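An overview of the molecular structure
In case you want the letters, here they are:
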Amino acid sequence: MSTKKSDRRTEILQSLAGMLESSPGARITTAALAKEVGVSEAALYRHFPSKAKMFEGLIEFIEETLFTRIHRIVQDEEDVNKRLEVILFLVLSFSEQNPGMCRLLTADALAGETERLRVRIAQLFDRIETQLRQVLREADLKQNLRPVMGTNACANYLLALLEGKIRQYVRTEYKTKPLQNWQEQWHAIAPTLMAGRA
């Protein structure tokens, strides 16, 4: 029975993500979501006590996917530039493959929703920035390299690049993809980020 309940929860979250993608700028109602899933609103609430909990379920999916992979990247990659490149590529490719989730990442879909959800998204980006900062600090220790603009400024700059690409994707209604021109952009940016310590 619990597997069936888990499957229904997953189906609800997938439908919610699909609606976020197919209705840019639109507010998602539980009535519309129930219709999309093919159940009653009451059935939705048997799986999630509120719409906020449904959004939290999607945010948890984003966090789990990104941070599990970021942890693996940090363990597998030794070179700082390669670590940064792969982490940024991961976030941008995840965003490109999950357009509906980008409406959560930009808080576009959270207008009128509980403040707790916007705080959670802000914390997610803070965690990404912290991860980038850690990679930059380890470069100093392991490769004798330092960010030209300083660790905090560099981590913030890279995060701003990610957020800008994701926001542009949502603003253009998914026409300008996050990875569009990324290789050329990264190859221009990467050589300017780090310098050897004197």
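Every chain is numbered on its own, with residues counted from 1 as its sequence reads. Per-residue local features of the predicted model are confined to residues with pLDDT of at least 70, and side-chain atom pairs are confined, for both listing and counting, to 80 or more; whole-chain, interface and lining totals are unaffected and use all residues. Heavy atoms from the whole structure form the basis of all side-chain values; hydrogens and water molecules are not counted.

Rule in force here: UniProt positions are given in the numbering used here, feature names are shortened, and annotations may be inferred rather than shown by experiment.
Under an unreviewed UniProt entry, the protein chain has the name Nucleoid occlusion factor SlmA and belongs to Marinomonas ostreistagni. We quote the UniProt Subcellular location (unreviewed entry) comment for the protein chain here in full: "Cytoplasm, Nucleoid". Looking at the Sequence similarities (unreviewed entry) heading of the UniProt record, one finds this comment for the protein chain: "Belongs to the nucleoid occlusion factor SlmA family."

**Topic: the pattern of salt bridges**
Heads up, the condition is: One side-chain nitrogen of Lys or Arg within 4 Å of one carboxyl oxygen of Asp or Glu is enough to make a salt bridge. The numbering of helices and of strands both runs from the N terminus, where a helix is a DSSP run of H or I of at least 4 residues and a strand a run of E of at least 2. Each residue gets one of three labels from its accessible area relative to the maximum for its type: buried under 20%, exposed over 50%, partly exposed in between, using a 1.4 Å probe on protein chains only.
Taken as a whole and assessed by the stated rule, the structure comprises 14 salt bridges. In this structure, Lys82 engages Glu85 in a salt bridge whose closest nitrogen and oxygen atoms are separated by 3.9 Å. Here the residue Lys82 and the residue Glu85 both occupy positions in helix H5 (residues 80–97), the gap between them amounting to three residues, near one helical turn. Take Lys82: its relative accessible area is 36%, and that puts it in the partly exposed class. Classification of Glu85 as buried rests on a relative accessible area of 19%. For Asp108, the salt bridge identified is with Arg103, shortest N-O distance 2.5 Å. Since its relative accessible area comes to 31%, Asp108 is described here as partly exposed. Through salt bridges with shared partners, one network takes in Arg27, Lys51 and Glu113.

**A few points about the environment of Ile62**
The following threshold applies: The contact rule is simple, with two residues in contact once any of their heavy atoms fall within 4.5 Å.
Here Ile62 shows up in helix H4 (residues 51–76). Each C-alpha atom of the pair Ile62 and Leu124 lies 8.9 Å from the other, and the pair is 62 residues apart in sequence. When residues no more than four places from it in sequence are discounted, the contact partners of Ile62 are Phe94, Met101, Leu104, Leu105 and Leu124.

**Some remarks on the side chain of Thr30**
Defined as follows: Polar contact is the term for a pair of N or O atoms within 3.5 Å; when the atoms are in protein, one must be able to donate a hydrogen and the other to accept it, and sequence-neighboring residues count only if both atoms are side-chain atoms.
Within the element layout of this structure, Thr30 appears in helix H2 (residues 30–37). By relative accessible area, Thr30 is classed as buried at 12%. A polar side-chain atom of Thr30 sits 3.5 Å from a polar atom in the side chain of Tyr45. Not counting the four nearest positions on each side in its chain, Thr30 is found in contact with Glu41, Leu44, Tyr45, Lys51 and Met54.

**A word on the packing of aromatic side chains**
Using the following cut-off: Between rings of Phe, Tyr and Trp, where Trp is taken as its six-membered ring, a pair exists when centres lie within 6.5 Å; planes separated by under 30 degrees are stacked, by over 60 edge-to-face, and by other angles tilted. To sit over a ring, a charge needs its Lys NZ or Arg CZ within 6 Å of the ring centre and within 35 degrees of the ring normal.
Under the defined criterion, the tally for this structure stands at three aromatic pairs. Over the face of the ring belonging to Phe67 we find Arg127, whose NZ or CZ atom lies 3.7 Å from the ring centre.

**Quick notes on the nonpolar core**
Nonpolar side chains in soluble globular proteins tend to end up buried together. Selection criterion: Nonpolar cores are built from buried Ala, Val, Leu, Ile, Met, Phe, Trp, Tyr and Cys residues. Side-chain atoms within 4.5 Å join them into one set.
Leu84, Leu104, Ile128 and Trp186 are the most contacted members of the largest nonpolar core, which has 64 residues in total. Of the residues forming this core, the biggest block, 11 residues, is contributed by H4.

**Quick look at the environment of Cys102**
Here Cys102 shows up in helix H6 (residues 99–105). Classification of Cys102 as buried rests on a relative accessible area of 0%. Residues contacting Cys102, with those up to four places away along its chain left out, are Ser95, Ile166, Tyr169 and Val170.

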